[in-house]
Amino acid sequence: MMRRQRRREQHVRQTYNDTAARYEQTDEGLLEPETPTERTHKTQQKAIVEATSANAAANAWRKALPKGPYGINVARTGRHAVCYGAGGRVEVLDLHRNVRTAEVRCGEVCRAATFLHDETMVAVAQRKYVYVYDQDGAEVHRMAKHLEPEHLSYLPFHFLLASAGHAGWLKYNDVSTGQFVAEHNTKAGAPRSLAQNPQTAVLCLGHGNGVCSLWSPAQSKPLARLLCHRGAVDAVACAFDGTYLATGGMDGFVKVWDCRTWRAVKELRLSGRAPVSLAFSQTGRIAVTCAKSVEIYESAKKLKAFQPYLSHKLDGSHATNSVFRPFEDVLLVGHALGVDSILVPGAGEASYDAIDGDDPYRSKKGRKTAVVRGLLDKLPIETITLQGAGFVGTVERDAAAADKERRALEEDANAALSKRIKEKKKTRGRSKLKAKLKKRMKNVVSKETQLLKEKLAARKKKQADSVAVQEAAPTT
């Protein structure tokens, strides 16, 4: 009996370990095929809705809207969404209650829209300016310096609203003080796409010449330039952890770049199609939106042609953009006939951080408290770098050592310059070239001139000291 009991316990323990190892190898919450030949991308939304709970199935819907096409954007909490159309219609939706909280009829084209510090303020990029509306749909502000905006992005930890205009200017405005912070000329024409790195707050602009440039309001020149595609960069997206950058071009390629080495780690070719939008989820899923379909891949490193994780076709419509809802397994797709909400198992995080203001169930008092905390913890624009806020708290180097290193670099540069300059020899007359060279080398800091200046300064100091001693000596 004892041996049989030990064998039974050993069998149960082995079965438990094998099952735990199998689940550790797979991502949590994903669809799993029952057979090796089954493909998850063939699973229809109808089958997913039938297999989920009633609360999850309520997130699968389609909202038909007139005068499209429509774009979609969501708040940080994932509870509210704003849809904007080319016909001038803007709607704010409460996705938990499935009701419309605000509606604005602008009367002109709306190219982009984004929430500001909370869901009570919405910035809309209209035909000529950027307008700000409140929760009742009333206009509260007009940003006249943001001319002909085409893309908008809000930096929540810096309280900055950035817009990219048709003329190629990238402009920043502080929404907490109302001050105009900076404007940069990209010198690349009208931008085709805009995305923000959530970790570093660096803006990524896609241009028509196939270049993706990275910008910060603290510098007038781009932090980096990447030659990504042979055609225009129509789609840009950054992962939530800030490690990957995805770009999609008119050449039909989707490339994933490592933000630490700036090298392409994955490349996907779409046969006969070009991506119009890219989106990352909180768990690393990536959605590739084309004109008539949306494909979702498990991760940035698992981009394989004809092997997506899920796929969704837009019957009789053309897609505009797509965005994942935070803390929900939902993907919102804006198209010509309205907005679609589809289920993507394993796309959202299961928990949220209420301290950072990401609580989707917060009350009115909690929303106000989150805004006050954000203002107290507001970061300056100097922290927007490629390294992010990682340099904050580091020890500054010794000033004397830094000055010594700088002088050594200057001496090396001056030595290389003096070697390149050759004096032209003349047999008679005055040499004008010699005078020009003497005048040019007059301001060049070399090792010899530095030593000579120090020697002259020491001699003058010695003479001054001797004169002071003679004057102080008593006279007889």
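Refer to the structure printed above.
Computed from a predicted structure; not experimentally measured.

Peer 1: Explain the environment of tryptophan 262 here, please?
Peer 2: Inspection of the secondary structure puts tryptophan 262 in the loop between β20 (253-258) and β21 (263-269). The spatial distance from the C-alpha of tryptophan 262 to the C-alpha of tyrosine 244 is 9.1 Å, given a sequence separation of 18 residues. Apart from the residues within four sequence positions on either side, tryptophan 262 is in contact with Leu214, Leu226, Leu245, Trp257 and Leu386.

Peer 1: Would you take a moment to explain the sheet that holds β21 for this structure?
Peer 2: Working definition: the strands of a sheet are paired by backbone hydrogen bonds and lie parallel or antiparallel to each other. Pairing is antiparallel in the open sheet, where 4 strands are placed in the order β18-β19-β20-β21. Bordering the open sheet on either side are β18 (233-238) and β21, each of which pairs with just one other strand. Across the sheet, the axes of successive neighbouring strands diverge by a mean angle of 20 degrees, strand direction being ignored.

Peer 1: In this structure, what is going on with the pairing of strand β7 (residues 122-125)? I would like to understand it.
Peer 2: Consecutive side chains along a regular strand alternate between the two faces of the sheet. Of the two faces of β7, the one holding Val122 and Val124 and the one holding Ala123 and Ala125 are both buried throughout. Examined bridge by bridge, strand β6 (residues 112-115) and β7 share 4 bridges and lie antiparallel to one another. Bridge assignment links threonine 114 to a residue of β7, and that residue is alanine 123. Connecting the antiparallel pair β6 and β7 is a turn made up of 6 residues.

Peer 1: Is there a simple way to think about unusual backbone geometry in this case?
Peer 2: Working note: non-glycine residues mostly have negative phi, and peptide bonds are mostly trans. Cis geometry is adopted by the peptide bond preceding proline 69, which originates at glycine 68 and carries an omega value of 5 degrees. Take proline 69: it is sitting in the loop between β1 (61-64) and β2 (70-74). In this structure, glutamate 148 takes a positive phi of about 45 degrees despite not being glycine. The residue glutamate 148 is located in the loop between β9 (139-143) and β10 (149-155) in this model.

What counts and how
Residues numbered from 1 in each chain as written. Predicted model: local features only at pLDDT ≥ 70, side-chain atom pairs only at ≥ 80, totals over all residues. Heavy atoms only, no water. Helix = DSSP H or I, 4+ residues; strand = E, 2+ residues; numbered from the N terminus. Contact = heavy atoms within 4.5 Å. Pairing = 2+ DSSP bridges. Axes fitted to C-alpha atoms, helices over the stretch in contact; angles between N-to-C directions. Buried < 20%, exposed > 50% of the residue type's maximum accessible area, 1.4 Å probe, protein only.

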